[in-house]
Each structure stands twice: as C-alpha cells, then as structure tokens.
Amino acid sequence: MKVAVVGGTGDFGLALAERLVEAGVDVVVGSRDAARAAEKAETIGARGAANEDAVRGVDLVVLAVKSDAALPTAEGLAGAIGDTPVLSVASELRFTKQGVFPTDEARSIAERTQELLHGPVCAGLHSLAAASLAHGPAEGDALVCGDDADAKALALELAARVVTGRALDAGPLASARALEGVTAVIVNLNKRYKGHAGLHVTGLP
Ligand SMILES: NC(=O)c1ccc[n+]([C@@H]2O[C@H](COP(=O)([O-])OP(=O)(O)OC[C@H]3O[C@@H](n4cnc5c(N)ncnc54)[C@H](OP(=O)(O)O)[C@@H]3O)[C@@H](O)[C@H]2O)c1
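Keep in mind the model is a prediction, meaning the values are calculated, not measured. (Residues numbered from 1 in each chain as written. Predicted model: local features only at pLDDT ≥ 70, side-chain atom pairs only at ≥ 80, totals over all residues. Heavy atoms only, no water.)

**Notes on the overall build of the protein chain**
Next up, step 1: Along its length, the protein chain carries 8 helices and 10 strands.
Next up, step 2: Its C-alpha atoms give the protein chain a radius of gyration of 16 Å, near enough to 17 Å, the size a compact globule of 205 residues would have.
Next up, step 3: When the backbone C-alpha atoms are referred to their principal axes, the protein chain occupies close to 40 × 40 × 35 Å.
Next up, step 4: By the burial criterion, 52% of the 205 residues in the protein chain qualify as buried. (Helix = DSSP H or I, 4+ residues; strand = E, 2+ residues; numbered from the N terminus. Rg over C-alpha atoms; globule rule 2.2 N^0.38 Å. Buried < 20%, exposed > 50% of the residue type's maximum accessible area, 1.4 Å probe, protein only.)

Given below as structure tokens:
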C-alpha cells in the first residue's frame, strides 16, 4: 500500500507515518513546504514532498493537517487527489477552562470534506492521540467509518497497522459526527487522569 500523509510534518501525521513505515508501508510525508517535508520524512525513513506532489500516485491519502486547515486543504488539493480515497482524521476542538469541547457544527469535517473531493472519504483514528502513536502502535482499537466499501477496506488496513487492537468498521460516513467528538473525550480523559487513553471495544466476535 502507498500512502500520502498530508500535513505529515505535524505531531499526529509524523507519528502515524513512522508507524506505517515500520509496518512496511510506502509512505510519502506531505507538507506545504517540500523542504520541511523532506527534512521530517528523513527522520523516519520515508520520502517527503509538497502536499500536491505527495498525493499523486498513492492508494490512500491521509488528511492530517491542523483541523481548521482540513477543508481549505482538501479544496486546494482536490484536483491532485482526483479519485484517490481519503482518510480524514480531523476533529474540531474548542479548548475552554471547563474542558475540551467538540464542535457545534452539525456535520462532521469528514462529511464536509467529502463534498469537496471527487473520490471517497473515510474518517477514523480519532481515538489515537499523537503521543500514544509516538513510540509504537497505539494501545487499543481504531474505529473507521465511510460510505465506500473499497475505500473503507483500505482505511481499515492502514488502521490495523498502527494499533495493538483491532481496526473496526464503525459504519457509514455519518458516524464521523460521533467519532470526531471522541477526540474531545480522549483529550479530557488524558487531562483528568494524566494518561494516554485509548478505546477498546468489547462484545464483538
Ligand atoms: N494530535 C493528536 O493527538 C490527534 C489525535 C487524533 C486526530 N488528530 C487530528 O490530526 C490532525 C493533525 O493534528 P496535529 O496535532 O498533528 O496538528 P498540527 O501539528 O497542528 O498540524 C499538522 C500540520 O498541519 C499543517 N498545517 C498547519 N496549518 C496549516 C494550514 N493553514 N494549511 C495547511 N496545512 C497546515 C502543518 O504542516 P506544514 O506546515 O508542514 O504544511 C502541520 O505540521 C488534526 O486534524 C487533528 O484533529 C490529532
């Protein structure tokens, strides 16, 4: 599998890219700045490229830019991404004195990303904190949702390589509304218990 991580220079994208390289996946780290991409990619034994070059000729694009840049980035790369499936990992969070809040938006970033792209969008990995991925596969399961069966199979294959547990199909892309909120829950748990929370789904065969 060939994977481009757009925004792969960030905490989450680089940790994900490193775990994928370890798992034998051909990874391109993308950045707005080709030199920064190359520099970060070199630290994990991957290739680096400007985002618009990184997304060409891969099987799956992971959109891992800062969450408020996800929609404009998807729009700007739509031509270069073409029909290639995209995995959205973004969550909109609001940091307050009372804790971390999910977005007030009714529709998920992933669903809004889908409207901007020609190929299928999946969403997932929202329960994996960058810190949990930084030194090895994240503990627990990974949830992935999407409407396109082939794209979701690819995203699940990727997810299975970066967690100690299972990659689980959480249903249609509309499930992203709940999954994106899970990031806020995980961040609140980590703050409250000073840990690295993950999810483990029980009761499945
Ligand atoms: N951090 C976590 O624990 C975690 C967990 C689950 C999901 N996520 C999701 O993963 C994504 C990345 O999170 P992160 O913490 O790694 O974010 P980040 O470090 O703040 O940003 C990631 C990358 O986004 C790019 N970027 C920043 N501003 C941009 C802009 N205006 N336009 C285009 N690209 C821009 C930067 O790459 P260049 O400057 O090199 O282009 C940066 O390295 C987010 O959507 C987040 O919701 C994060």
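**Considering the site of the ligand**
Next up, step 1: In the region of the ligand, 20 residues are neighbours, and T9, S31, R32, R36 and A130 sit closest.
Next up, step 2: Within the side chain of T9, a nitrogen or oxygen atom sits 2.6 Å from an oxygen atom of the ligand.
Next up, step 3: F12 places a polar main-chain atom, nitrogen or oxygen, 2.8 Å from an oxygen atom of the ligand.
Next up, step 4: Notes on the ligand: free accessible area 890 Å², of which the protein chains cover 76%.
Next up, step 5: Classifying every residue of the shell around the ligand gives 9 nonpolar, 7 polar and 4 charged. (Near = heavy atom within 4 Å. Polar contact = N/O pair within 3.5 Å; in protein donor to acceptor, adjacent residues only side chain to side chain. Areas by Shrake-Rupley, 256 points an atom, 1.4 Å probe, with all protein chains shown as cover. Nonpolar A, V, L, I, M, F, W, Y, C, P; charged D, E, K, R; others polar.)

**Observations concerning the pairing of strand β2 (residues 26-31)**
Next up, step 1: Counting buried positions along β2 gives 5 out of 6 residues, so the element sits mostly inside the fold.
Next up, step 2: Relative to β2, strand β1 (residues 2-6) is paired through 4 bridges, and the arrangement is parallel. Looking across to β2, one finds that V5 is bridged to V29.
Next up, step 3: Regarding the hand of the β-α-β motif, the stretch spanning β2, helix α2 (residues 34-44) and strand β3 (residues 47-50) is right-handed. (Pairing = 2+ DSSP bridges. Right-handed = clockwise from strand over helix to strand, strands pointing away.)

**Some thoughts on the sheet that holds strand β5 (residues 86-88)**
Within a sheet, neighbouring strands are paired by backbone hydrogen bonds and run either parallel or antiparallel to one another.
Next up, step 1: Taken together, the 8 strands give an open sheet; going across it, the order is β3-β2-β1-β4-β5-β8-β9-β10, and neighbouring strands pair in mixed fashion. Sheet topology places β3 and β10 (167-169) at the edges, where each strand pairs with a single neighbour. Strand-to-strand twist in this sheet, taken as the mean axis angle between neighbours without regard to direction, amounts to 25°.
Next up, step 2: Across 4 bridges, β1 lies against strand β4 (residues 60-63) in parallel orientation. Bridging from a neighbouring strand, V6 pairs with L63 of β4.
Next up, step 3: Sheet contacts for helix α1 (residues 11-22): β1, β2 and β4; angle to β2, the most-contacted strand, approximately 165°.
Next up, step 4: Contacting β8 (121-124) and β9 (142-146), helix α8 (residues 176-193) crosses the sheet at an angle of about 150° to β9. (Axes fitted to C-alpha atoms, helices over the stretch in contact; angles between N-to-C directions. Contact = heavy atoms within 4.5 Å.)

**Notes on the packing of aromatic side chains**
Next up, step 1: Overall, the coordinates contain 0 aromatic pairs when judged by the stated rule.
Next up, step 2: Here the guanidinium or amino end of R192 rests over the ring plane of Y193, the centre of that ring lying 4.5 Å away. (Phe/Tyr/Trp six-rings, centres within 6.5 Å; stacked < 30°, edge-to-face > 60°. Lys NZ or Arg CZ within 6 Å of the ring centre and 35° of its normal.)

**Remarks on the packing of α1 against α2**
Next up, step 1: As a packed pair, α1 and α2 sit with axes 9 Å apart at the nearest point and diverge in direction by 45°. As the angle between them shows, α1 and α2 are arranged oblique. Between α1 and α2 the crossing geometry is right-handed. Residues L14, A17, E18 and V21 of α1 form the contact with α2, whose participating residues are K40, T43 and I44.
Next up, step 2: Residue composition of the contact of α1 with α2, by class: 4 nonpolar, 1 polar and 2 charged. (Parallel < 35°, antiparallel > 145°, perpendicular 65-115°, else oblique. Left-handed = near helix turned anticlockwise from the far one by under 90°.)

**So, a nonpolar patch on the surface**
Next up, step 1: Among the surface-exposed residues, V185, L189 and Y193 lie close enough to one another that they form a single nonpolar patch of about 310 Å² accessible area.
Next up, step 2: If you trace the backbone, L189 turns up in helix α8. (Patch = residues over 30% accessible without salt bridge, like charges linked within 9 Å, V, L, I, M, F, W, Y side chains within 5 Å. Salt bridge = Lys/Arg side-chain N within 4 Å of Asp/Glu carboxyl O.)

**Considerations on α1**
Next up, step 1: For α1, which comprises 12 residues, the first-to-last C-alpha distance of 17 Å matches the rise-based estimate of 16 Å (1.5 Å per residue) to within 8%.
Next up, step 2: Every buried residue belonging to α1 is among F12, G13, L14, A15, L16, A17, R19 and L20, and all of these are buried.
Next up, step 3: Buried residues along α1 sit in contact with β1, β2, α2, β4, α6 (130-133) and α7 (149-160). (Expected span 1.5 Å × (residues − 1).)

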